[in-house]
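Remarks on the overall topology
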Amino acid sequence: MKRFLSAGIAAMMAVGLAGCGSSGAAAAATASAAGSAAAAAGDAGKLVVYSPNTDDLINATIPAFEKETGIKVEVISGGTGDLQTRIDSEKANPQGDIMFGGMNAAMYVQYGANFEEYTSPNDTLLPTEYQNYKGVISHYCLDGSAALLVNTDVFKSLGLNPDDFKSYNDLLNPALKGQIAMGDPANSSSAWAELTNMLLVMGKEKYDDAAWDWVTSFIKNLDGKVLDSSSKVYKGVADGEYAVGVSYEDPCVSLLVDGATNLKLVYPSEGAVWLPAGVAIIKGAPNEENAKKFIDFLLSDEGQNCIASTTARPANTKINNTTDKMTPFSDIKVAYEDIDYCAEHKAEWQQKWTDIFTSNAN
């Protein structure tokens with residue numbers, strides 16, 4: 001990820017040094033006192049953002065926020081786990097202001113005490129299902145967890161019509177046995193999200209035994225094949241190693257945007273889940289008011305339209321993405337996951353998947 005370190009910060013430092021040199025000791029003392037006061041109050045023109053987000057998402061939002069507010073942003077990029085650990089280690093003397101991405105129910109359980117309560121006035125612009133979580137996490141975009149990527153050439157070679165593939169149930173077609181790319185929900189976050197989507201929509205009731213019976217049939221059609229990374233799923237389909245991949249929306253759409261002509265993206269007719277990505281203010285943030293302004297911007301129509309220019313979905317589902325490669329929500333059956341319930345059962349369900357897969361691997 002790229003970092004945006006404002007030149008304005010360096011310029012302010014240069015002005016301060018020039019003032020000290022021109023007015024002698026008295027000016028230096030005055031500048032020192034003013035500097036101490038500014039440090040105590042936070043830099044009114046600065047915001048330090050910790051983020052695991054993609055360059056595309058950072059580049060679509062940060063410059064627009066800077067232009068809108070005049071606030072200069074420094075982005076510290078890293079993996080979600082590393083950044084959460086850093087915030088935890090800095091809690092006696094916070095160095096960052098906000099965690100942009102990497103905030104969800106599981107992270108709240110583990111690290112929620114490290115973040116301030118804040119609900120933006122723009123939160124009401126979002127659908128109820130995606131509004132503020134626990135008074136701490138604001139949702140700015142949606143990650144599609146049910147994306148079935150079809151290689152139309154491989155389908156045709158198997159004697160299948162790719163236009164007939166429309167649902168999760170179509171994954172049980174015997175002709176697709178061993179031709180399905182799927183990650184391991186016990187190790188891959190995207191595969192875990194796909195599993196919970198299946199359990200939500202494939203039973204008689206949410207997450208019931210009938211849904212697990214369907215998952216068992218699906219596992220049998222994998223024919224003992226499971227991939228160890230999410231990227232191998234969509235790349236394997238794109239390269240023709242598999243007929244269909246059980247993937248997530250963002251990288252699949254990116255392949256279409258990049259010009260792939262033998263790929264087709266299918267949202268299962270039974271229902272597709274979009275999980276909200278969150279942002280939260282670090283407790284004791286030096287620039288807390290600027291952090292609030294950043295959240296307000298992300299949730300505003302302007303901020304959501306910035307996100308709509310990428311292959312991530314805005315949390316405001318009334319705003320459509322600008323690329324014609326993304327299907328509008330109005331044309332998709334959207335399902336809503338019980339986020340807390342799934343987080344509570346995560347270890348149990350991961351083990352159940354592993355047990356079923358192992359018993360059907362041979």
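Preceding block: the structure.
Residues numbered from 1 in each chain as written. Predicted model: local features only at pLDDT ≥ 70, side-chain atom pairs only at ≥ 80, totals over all residues. Heavy atoms only, no water.

A cluster of acidic residues, Asp338, Asp340, Glu344 and Glu348, forms a negative patch on the protein surface. In this fold, Asp338 is placed in the loop between strand S11 (334–335) and helix H12 (339–344). Accessibility expressed as a relative area gives 36% for Asp338, which makes it partly exposed. (Patch = residues over 30% accessible without salt bridge, like charges linked within 9 Å, V, L, I, M, F, W, Y side chains within 5 Å. Areas by Shrake-Rupley, 256 points an atom, 1.4 Å probe, with all protein chains shown as cover. Salt bridge = Lys/Arg side-chain N within 4 Å of Asp/Glu carboxyl O. Lys, Arg positive; Asp, Glu negative; His and termini not counted. Charge placed at Lys NZ, Arg CZ, Asp CG, Glu CD. Helix = DSSP H or I, 4+ residues; strand = E, 2+ residues; numbered from the N terminus. Buried < 20%, exposed > 50% of the residue type's maximum accessible area, 1.4 Å probe, protein only.)

Looking now at the layout of surface pockets. Its volume calculated, the largest pocket comes out at about 1400 Å³. For the lining of the largest pocket, the secondary-structure elements that each account for two or more residues are helix H2 (55–69), strand S3 (98–103), helix H4 (105–111), strand S4 (138–144), helix H6 (189–201), helix H9 (249–257), strand S9 (272–281) and H12. Of all the elements, S4 adds the most residues to the lining of the largest pocket, at six residues. (1 Å grid on protein atoms, 1.4 Å probe; cavity = no way out; pocket = protein on both sides within 12 Å on 5 of 7 lines; lining within 4 Å. Points joined across faces, edges and corners; volume = space filled by probe spheres on them.)

The next thing to look at is empty space enclosed by the protein. Inspection of every chain in the model, using the stated rule, returns one cavity of 30 Å³ or more. Considering the residues around the largest cavity, the lining is formed by Gly183, Ser188, Ser190, Ala191, Glu194, Ser230, Val233, Val246, Ser247 and Tyr248. Of all the secondary-structure elements, those providing two or more residues to the lining of the largest cavity are H6, helix H8 (230–238) and strand S7 (244–247). For the lining of the largest cavity, the leading source of residues is H6, giving three residues. The class makeup of the residues in the lining of the largest cavity is four nonpolar, five polar and one charged. (Nonpolar A, V, L, I, M, F, W, Y, C, P; charged D, E, K, R; others polar.)

With that settled, consider the packing of H6 against helix H13 (residues 346–359). In a pair of packed helices, the angle between the axes and the distance between the axes together describe the arrangement. Look at H6 against H13: their axes get within 12 Å of each other, and the N-to-C directions meet at 90°. Considering the angle they form, H6 stands roughly perpendicular to H13. Of the residues in H13, those in contact with Trp192, Leu195, Thr196 and Leu199 of H6 are Lys346, Trp349, Gln350 and Trp353. Considered class by class, the residues forming the contact of H6 with H13 number five nonpolar, two polar and one charged. (Axes fitted to C-alpha atoms, helices over the stretch in contact; angles between N-to-C directions. Parallel < 35°, antiparallel > 145°, perpendicular 65-115°, else oblique. Contact = heavy atoms within 4.5 Å.)

The next subject is the pairing of S9. Counting buried positions over the 10 residues of S9 gives nine, a clear majority of the element. Two elements, S4 and S9, share six bridges in a ladder whose sense is antiparallel. Bridging across to S9, Ser138 finds its partner in Val279. Relative to S11, S9 is paired through two bridges, and the arrangement is parallel. Looking at the pairing, Ala272 lines up with Val334 of S11. (Pairing = 2+ DSSP bridges.)

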